[in-house]
Amino acid sequence: MNRVPLVQIVRTAALPAVAILIIGYFASAALVGPNGLFALGGYRTQLQAKTAELQRFEAARDRLRHHAKLLDPSKVDPDFGEELVRRSTGQVRPDEIIIPRN
């Protein structure tokens, strides 16, 4: 019987074993890594939170854009101008209610 020496068996199995280890490393990184499939749920919740934050910022931007339009030097809204002056000079109380005439 012709026996194959142990060194030759190890030498022929080394390359496939290393290839299997490398493939296993990348497969585990694709599942468990910071950008893997298991992190996808976290990304979805982050996306929802950032979308809600973006909507709040857009609403604030629209409100500021409207205020800037009301303060246009060519045609200042008198009610808004009076409100700003009274607020900056301290003539507005916290319990004061403003009723528009229009």
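Our structure is the block above this text.
Figured I'd write up the structure that's included with this text. (Residues numbered from 1 in each chain as written. Predicted model: local features only at pLDDT ≥ 70, side-chain atom pairs only at ≥ 80, totals over all residues. Heavy atoms only, no water.)

## Quick look at the overall build of the protein
So, step 1. Summing up its helical and strand segments, the protein has three helices and zero strands in all.
So, step 2. Counting from the amino terminus, helix and strand elements in the protein follow one another as α-α-α.
So, step 3. Expected size for 102 residues packed as a compact globule is a radius of gyration near 13 Å; at 34 Å, the protein overshoots this value by more than 25%.
So, step 4. Counting only C-alpha atoms, the protein reaches 110 × 30 × 25 Å along its principal axes.
So, step 5. Within the protein, the proportion of its 102 residues that are buried is 5%.
So, step 6. When the accessible surface of the protein is summed, it comes to about 9600 Å², and 64% of that surface belongs to carbon and sulfur atoms.
So, step 7. Of note, the protein has its 14 positive side-chain charges centred 18 Å away from the centre of its 10 negative side-chain charges. (Helix = DSSP H or I, 4+ residues; strand = E, 2+ residues; numbered from the N terminus. Rg over C-alpha atoms; globule rule 2.2 N^0.38 Å. Buried < 20%, exposed > 50% of the residue type's maximum accessible area, 1.4 Å probe, protein only. Areas by Shrake-Rupley, 256 points an atom, 1.4 Å probe, with all protein chains shown as cover. Lys, Arg positive; Asp, Glu negative; His and termini not counted. Charge placed at Lys NZ, Arg CZ, Asp CG, Glu CD.)

## Focus: helix α1 (residues 6-32)
So, step 1. Compared with an ideal rise of 1.5 Å per residue, which puts 27 residues at 39 Å, α1 spans 37 Å between its outermost C-alpha atoms and is within 8% of the ideal.
So, step 2. Along α1, the largest kink reaches about 35° and is centred on A14; proline P16 follows within four residues of it. (Expected span 1.5 Å × (residues − 1). Bend = angle between axes of the 7 residues up to and from the residue.)

## What to know about the pattern of salt bridges
So, step 1. Inspection of the entire model under this criterion finds three salt bridges.
So, step 2. Across the pair D72 and K75 runs a salt bridge, and its minimum N-O distance is 3.7 Å.
So, step 3. Given a relative accessible area of 26%, D72 falls into the partly exposed group.
So, step 4. Among the residues examined, K75 registers a relative accessible area of 57% and is labelled exposed. (Salt bridge = Lys/Arg side-chain N within 4 Å of Asp/Glu carboxyl O.)

## Observations regarding a nonpolar patch on the surface
So, step 1. Nonpolar side chains collect at one region of the surface, where V4, L6, I9 and V10 lie side by side and expose about 390 Å² of accessible area between them.
So, step 2. As for its position among the elements, L6 is in helix α1.
So, step 3. Residue L6 is classed as exposed on the basis of its relative accessible area, which comes to 63%. (Patch = residues over 30% accessible without salt bridge, like charges linked within 9 Å, V, L, I, M, F, W, Y side chains within 5 Å.)

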